[in-house]
Amino acid sequence: MYELKEPGGKSVRLEEGTAGEALKKLGAGKGAIAAILNGRAVDLFHPLNEDGEIAPITAGSEEGLDILRHSAAHLMAQAVEELYPGTRYGVGPSIKDGFYYDMEIPGGITEEDLPKIEKEMRRLAKRSIPVERREMTKDDAIAYFREVKNDPFKVEIISELEEDKVSLYFQGNYADLCRGPHVPDTSWIKHFRLLSVAGAYWRGDEKNVMLTRVYGTAFADEEALEAYIRRMEEARSRDHRRLGRELDLFSLQPEGPGFPFFHPKGMVIMNQLTDFWRKEHVKRGYSEIRTPLILNRDLWIRSGHWDHYRENMYFTEIDENPFAIKPMNCPGGMLVYKSQIRSYRDLPLRMAELGMVHRHERSGVLHGLMRVRCFTQDDAHLYCRPDQVKDEIIGIMDLCDFIYREVFGFKYSIELSTRPENSMGSEEQWGIAERALKEALDERGAEYRLNPGDGAFYGPKIDFHLEDCIGRTWQCGTIQLDFQMPEKFDLTYIGADGKEHRPVMLHRTVLGSLERFFGILIENFAGAFPYWIAPVQARILPVAGDFTEYARKVADELRAEGIRVEVDERDEKLGKKIRDAQTQKIPYMAVVGEKERESGGVAPRERARGDLGAMSMARFKEVLAEEFSPF
RNA sequence: GCCGGUGUAGCUCAGUGGUAGAGCAGCGCACUCGUAAUGCGCAGGCCUGCGGUUCAAGUCCGCACACCGGCUCCA
């Protein structure tokens, strides 16, 4: 006899049975896909063998979706096994928005095979094949996968597990190593879709074989699945590469793979961004420098880049001497620091640089403006005394928060990355540096994720990540603490004691790469940029050819106020002009015709609000002046 | 770099071995127009490049380049 209680307080006594039956008796079975029994997630078909607390995991919940998707991955693997005998299986987890399975499929597959697999999945689902869990010893499991399944990947995974016992899930002939829980039978998986096929290295290591990864997704109901598909389609329409072309912001040409071209309208945005950036940095006590793109190779050997970053660098020659194109701004910045004797009174010294860097990226990783081979970092190097480090870090975090959240309204996440392999410096220095970053994060009360082993080769870092339109996150801001460079370059300042001391150096960016940040701006606003940054802020639309002259006069008057304005002089109907201005996502249109010319006014239209009604020029200027601007 | 896919007009795409097409954009003409597409006409192509198969290649094969989705790597 077992007594099960649900969190609400209800309880039930059962002679025997399963977790699912207990939930049903408690009236909590509806929508359940699995259960939590004494804090452990279990299958609904888990046989009861203890008293305790039980609660349902519903299919719609995050945890439930996770289980559903994991089961969908199993179903897909089962379908692949039916269709492609001899397939071997890597891992098949649920992920954000779906699931995947990495498989070694004899003969391989392409996206054209997905409908066939999906069909087989539906066939198997319809048959309501029961899912069964079996625990066995590690040795038995290894033997099973080696001898029955001939699957070296599963054998490898099991061999490395710590536990003595492992659990296997069976459905029909298909078996998989899995912790579970899973749905009770295959018919529970109804609302799914296979999405794409890709290559993926076994265990994520490029030295290993490449498996075929099939991505898919599953939801608790058809509406949620369709909503997801729609969302992905809508996301495609705001892809920065597409909008970059449609709005004539930038282009990428085969002549320069990874080297973007910025068109006039794109440059307006870049310039607005940097104008704002400069003003904000002045306010926050930064000075600005600029260092050369090409510097002697010895500098890079000295900085450690030759040893740690050579693969990503471009090299050239001047008068038969070796030079390198800078992949980072720090060595140049340090030469500026060293150009004179520094006093403790100068510290903290904050030197910013909009530095263009070139990095050799492998051909397969390029992605619009998000991942390029030449980009402009909104870099800064801060030199300070050890006791100033924490406040400086907090100051940078404030600046990031201000720009991301207050100015642009972005959500962001923070990561703390610690010492990587192949790094410079002592254990002790890294310890101090990592603790300093942690303290600053804690003091500011920032939430962050730990990312062990992902620091720069010269120091640990705090990274700020922003999201693109389909949920991929991109690193933008970064704060890196560096004890190495000041050492390598023998940076000093004269202390109050008259002696030389070693400054601590912080590298940081806020926007990260102007190019990437621009890409994120495009996607975030779907091309409908805020007024202050919009390439064209207002377009004047004469109702007919007769009013072109007046339209030009209106444009001139606005232009004199510094407003970015243009006139649609084409011989088209008003409806067409409005439509085109809307498609170009121009914030304001100003219609002018007989009435406006008579009164000397305009009839403005705002892209989201529509017709604002006729008004005087003075009033229109006021309306424009009321628009948000961060500077 | 690796796996898979794609490459035809400025853009989006038809064209499955036999004379290169459409819509939008562009240009011209007419219309003189009031809040999301006026009509008619014209022009626009080394079908990514280089090789090969074939009487014949946009179409089939190979290589290269670029791009797309992932993996690894990264701002």
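Residues numbered from 1 in each chain as written. Chains lettered and ligands numbered in written order. Predicted model: local features only at pLDDT ≥ 70, side-chain atom pairs only at ≥ 80, totals over all residues. Heavy atoms only, no water.

## Regarding helix H15 (residues 514–525)
The line we're drawing: Put simply, DSSP H or I for four residues or longer makes a helix, DSSP E for two residues or longer makes a strand, and each gets a number counted from the N terminus. A helix is expected to span 1.5 Å for every residue after the first. Remark: exposure states derive from per-residue accessible area (1.4 Å probe, protein chains only) relative to the maximum for the residue type, with buried under 20%, exposed over 50%, and partly exposed in between.
Between its terminal C-alpha atoms H15 stretches 16 Å, which fits the 16 Å expected from 12 residues at 1.5 Å a residue. Of all 12 residues that make up H15, 10 are buried, and the element is covered over most of its length. Among the residues making up H15, those that are buried are Leu 514, Glu 515, Arg 516, Phe 517, Phe 518, Gly 519, Ile 520, Leu 521, Ile 522 and Glu 523. Among the residues trailing H15, Ala 526 stands out with phi positive, at a value near 50 degrees.

## Some remarks on the confidence of the model for chain A
As a reminder of what qualifies: Per-residue confidence from the predictor is reported as pLDDT, which spans 0 to 100.
Across chain A, the average pLDDT comes to 93, with 100% of residues at or above 70. Both scores are available for the predicted complex, with the pTM at 0.93 and the ipTM at 0.94.

## Thoughts on the pattern of salt bridges
Here is the rule we go by: When a carboxyl oxygen of Asp or Glu lies within 4 Å of a side-chain nitrogen of Lys or Arg, that pair is called a salt bridge.
Applying the stated criterion across every chain, the model contains 47 salt bridges. Across the pair Asp 239 and Arg 241 runs a salt bridge, and its minimum N-O distance is 2.6 Å. Exposure remark for Asp 239: the relative accessible area of 13% places this residue in the buried category. With a closest N to O distance of 3.2 Å, Arg 597 and Glu 594 form a salt bridge. With Arg 597 and Glu 594 both in helix H18 (residues 594–599), this residue pair falls 3 residues apart, about one helical turn.

## Points about the protein's contact with RNA strand B
Note the threshold: Whether a residue is near a molecule or strand is decided by its heavy atoms; if any one of them lies within 4 Å of it, the residue is near. As used in this structure description, the phrase polar contact means that two N or O atoms lie within 3.5 Å; if the pair is within protein, one of them must be able to donate a hydrogen and the other to accept it, and residues adjacent in sequence are counted only when both atoms belong to side chains.
Near RNA strand B lie 52 residues; those nearest to it are Tyr 201, Ser 363, Gln 475, Asp 571 and Arg 579. Between a sugar or linking oxygen of RNA strand B and a main-chain N or O atom of Gln 475, the distance comes to 2.2 Å. At a separation of 3.5 Å, a sugar or linking oxygen of RNA strand B approaches a polar backbone atom of Gly 575. For the surface near RNA strand B, the leading source of residues is helix H17 (residues 574–583), giving 6 residues.

## Quick notes on the side chain of His 240
Rule in force here: Residues count as neighbours in contact if any of their non-hydrogen atoms are within 4.5 Å of one another.
One can find His 240 in helix H7 (residues 240–246). A relative accessible area of 0% means that His 240 is categorised as buried. With residues up to four places along the chain from it excluded, the contact list for His 240 reads Phe 250, His 367, Gly 368, Leu 369, Met 370, Gly 519, Ile 522 and Glu 523.

## As for the domain arrangement of chain A
We apply this condition: Here the limits of each domain have been adopted from an automatic or database domain assignment.
Split by domain assignment, chain A resolves into domain 1 (2–58), domain 2 (63–237), domain 3 (265–524) and domain 4 (531–625). Inter-centroid distance (C-alpha atoms) of domain 1 to domain 4 is 66 Å.

## Considerations on the sheet that holds strand S4 (residues 40–42)
To keep it simple, the criterion reads: The pairing criterion for strands is at least two bridges between them, as found by DSSP. Each axis is a line fitted through C-alpha atoms, taken for helices only over the stretch in contact, and angles between the N-to-C directions span 0 to 180 degrees.
With mixed pairing, 5 strands are arranged side by side in an open sheet as S2-S1-S5-S3-S4. Two strands bound the open sheet, and with one partner strand each, they are strand S2 (11–14) and S4. The average angle at which neighbouring strand axes cross in this sheet is 35 degrees, direction not considered. Examined bridge by bridge, strand S3 (residues 32–37) and S4 share 3 bridges and lie antiparallel to one another. From the neighbouring strand, Ile 36 faces S4, where its bridge partner is Ala 41. Helix H2 (residues 62–83) contacts S3 and strand S5 (52–58) of the sheet and is inclined by roughly 115 degrees relative to S3.

## Remarks on the sheet that holds strand S19 (residues 321–325)
An order of S17-S19-S18 is seen for the 3 strands of this open sheet, with the pairing classed as antiparallel. Looking at the sheet topology across the chains shown, the edges are occupied by strand S17 (294–296) and strand S18 (314–318). Pairs of neighbouring strands in the sheet enclose a mean axial angle of 40 degrees, with direction left out of account. Here 5 bridges tie S18 to S19, and the two strands are oriented antiparallel to one another. By the bridge assignment for S19, Thr 316 is matched with Phe 323.

## Notes on the packing of helix H4 (residues 138–148) against helix H5 (residues 152–159)
The test is simple: Orientation categories follow fixed angle ranges, with anything under 35 degrees roughly parallel, anything over 145 roughly antiparallel, 65 to 115 roughly perpendicular, and all other angles oblique. Note on convention: the crossing is left-handed when the near helix lies turned anticlockwise from the far helix by less than a right angle, right-handed when the turn is clockwise. Classification convention: Asp, Glu, Lys, Arg as charged; Ala, Val, Leu, Ile, Met, Phe, Trp, Tyr, Cys, Pro as nonpolar; all other residues, Gly among them, as polar.
The geometry of H4 relative to H5 is characterised by a closest axis approach of 8 Å and an angle of 165 degrees between their N-to-C directions. Between H4 and H5, the angle is such that the two are roughly antiparallel. The element H4 and its partner H5 pack so that their crossing is left-handed. When H4 is examined against H5, the residues Lys 138, Ala 141, Ile 142, Phe 145 and Arg 146 are found in contact with a partner set consisting of Lys 154, Val 155, Ile 158 and Ser 159. Split into classes, the residues belonging to the contact of H4 with H5 amount to 5 nonpolar, 1 polar and 3 charged.

## Quick notes on the packing of aromatic side chains
We apply this condition: Think of it this way: a Phe, Tyr or Trp ring, Trp meaning its six-membered ring, pairs with another when their centres are within 6.5 Å, and the plane angle makes it stacked under 30 degrees, edge-to-face over 60, tilted otherwise.
Scanning the entire structure with this criterion turns up 27 aromatic pairs. Ring plane angle 65 degrees and centroid distance 6.4 Å describe the contact between Phe 250 and Phe 518, whose orientation is recorded as edge-to-face. Placement of Phe 250 in strand S14 (residues 250–251) and of Phe 518 in helix H15 is noted, with a sequence separation of 268 residues between them. Its relative accessible area of 5% is what places Phe 250 among the buried residues. Between Phe 408 and Phe 410, the ring centres sit 5.7 Å apart and the planes meet at 20 degrees, which makes this aromatic pair stacked.

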